[in-house]
Amino acid sequence: MTDKVHLGHRARKRFGQNFLFDESIIDKIVSAIDPKPEDNLVEIGPGLGAITEPVAELSGHLTVVELDKDLAQRLIEHPFLGPKLTVNQGDAMTFDFASLVRDDKKLKVFGNLPYNISTPLLFHLFEFSDHIEHMHFMLQKEVVKRMVAGPGSKTFGRLSVMTQYYCNAMPVVEVPPECFKPAPKVDSAVIRLIPKKPEQRTAKSVKILNTVCLEAFNQRRKTLRNSLGNLLTAEELTSIGIDITLRAERLSLQQFIDIANWIYDNKQ
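Residues numbered from 1 in each chain as written. Predicted model: local features only at pLDDT ≥ 70, side-chain atom pairs only at ≥ 80, totals over all residues. Heavy atoms only, no water.

Per an unreviewed UniProt entry, the protein is named Ribosomal RNA small subunit methyltransferase A, and its organism is Pseudoalteromonas arctica A 37-1-2. Listed in UniProt under the heading Sequence similarities (unreviewed entry), the comment for the protein reads: "Belongs to the class I-like SAM-binding methyltransferase superfamily. rRNA adenine N(6)-methyltransferase family. RsmA subfamily." Within the UniProt record for the protein, the comment given under Catalytic activity (unreviewed entry) is "adenosine(1518)/adenosine(1519) in 16S rRNA + 4 S-adenosyl-L-methionine = N(6)-dimethyladenosine(1518)/N(6)-dimethyladenosine(1519) in 16S rRNA + 4 S-adenosyl-L-homocysteine + 4 H(+)". (UniProt positions renumbered as here; feature names shortened; annotations may be inferred.)

Spelled out as structure tokens, the structure:
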């Protein structure tokens with residue numbers, strides 16, 4: 001059980017806590033974030049401060065959102081970090097990140113996201129993309145693969161479409177389990193997300209786009225004629241220029257947007 005205790009804190013499974021301690025990986029992540037004194041930096045799940053400390057040293061100040069009350073209090077009382085942090089003890093899944101924007105300065109968000117809630121947390125953050133300059137997150141390696149997957153890939157799915165609708169996404173570094181305490185049972189990776197400009201996001205309803213993705217990928221092996229049958233007829237899909245014999249993984253991001261916009265225009 002001692003491998004679950006790091007720097008005097010026992011990792012809590014319900015919070016998905018795995019603490020990064022590998023200095024070379026930490027350096028690569030901090031270099032990717034590139035913190036500066038003028039930045040509006042926000043860390044989700046700072047934990048024991050492995051990334052927080054070097055970022056605070058370079059920037060002078062940052063805001064953190066930490067769910068664990070004990071860890072939040074530990075950060076507040078930290079002799080070096082405490083004065084450099086604004087600590088928000090609460091759930092990032094419901095946090096209003098727009099409230100952190102100051103003087104029209106967009107946020108630079110980063111964190112080691114709990115793997116058990118990473119996808120819904122990403123979707124929550126996408127809602128604030130107009131307030132964010134860039135994001136760097138540690139995630140399960142397979143999640144990163146899905147986020148950057150292109151059409152035709154077996155890993156291309158709803159997360160791929162919605163990530164790439166909101167952001168330009170690129171992997172930064174892979175992180176093996178032994179870089180954490182306790183070591184997770186999966187490989188990890190860091191991804192860089194740069195939100196697209198509003199004019200680049202052309203879906204008339206993100207809700208409909210998400211619904212199209214849910215339906216299309218719910219039964220991946222079915223052709224679009226069948227998987228999207230609850231939303232459109234075969235004739236309607238064909239009129240949009242969609243090959244109804246394809247599976248969802250063969251469509252491009254733009255084709256998903258086209259389908260969603262057709263539904264918005266014709267079925268509202």
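Continuing now.
This paragraph deals with the packing of helix α1 (residues 23-33) against helix α2 (residues 52-59). It is at 10 Å that the axes of α1 and α2 come closest, and there the two elements cross at 40 degrees. The orientation of α1 with respect to α2, classified from their angle, is oblique. The element α1 and its partner α2 pack so that their crossing is right-handed. Facing α1, whose interface residues are I26, V30 and I33, α2 presents P54, V55 and L58. Here the contact of α1 with α2 is composed, by residue class, of six nonpolar, no polar and no charged. (Axes fitted to C-alpha atoms, helices over the stretch in contact; angles between N-to-C directions. Helix = DSSP H or I, 4+ residues; strand = E, 2+ residues; numbered from the N terminus. Parallel < 35°, antiparallel > 145°, perpendicular 65-115°, else oblique. Left-handed = near helix turned anticlockwise from the far one by under 90°. Contact = heavy atoms within 4.5 Å. Nonpolar A, V, L, I, M, F, W, Y, C, P; charged D, E, K, R; others polar.)

With six of eight residues buried, strand β11 (residues 188-195) is to be regarded as a mostly interior element. Two strands pair when backbone bridges link them, and strand β8 (residues 132-140) and β11 are joined in this way by six bridges, in the antiparallel orientation. What sits directly across from Q140, in β11, is S188. Here strand β9 (residues 167-175) pairs with β11 via eight bridges, running antiparallel. Counted as the bridge partner of A169 is L193 from β11. (Buried < 20%, exposed > 50% of the residue type's maximum accessible area, 1.4 Å probe, protein only. Pairing = 2+ DSSP bridges.)

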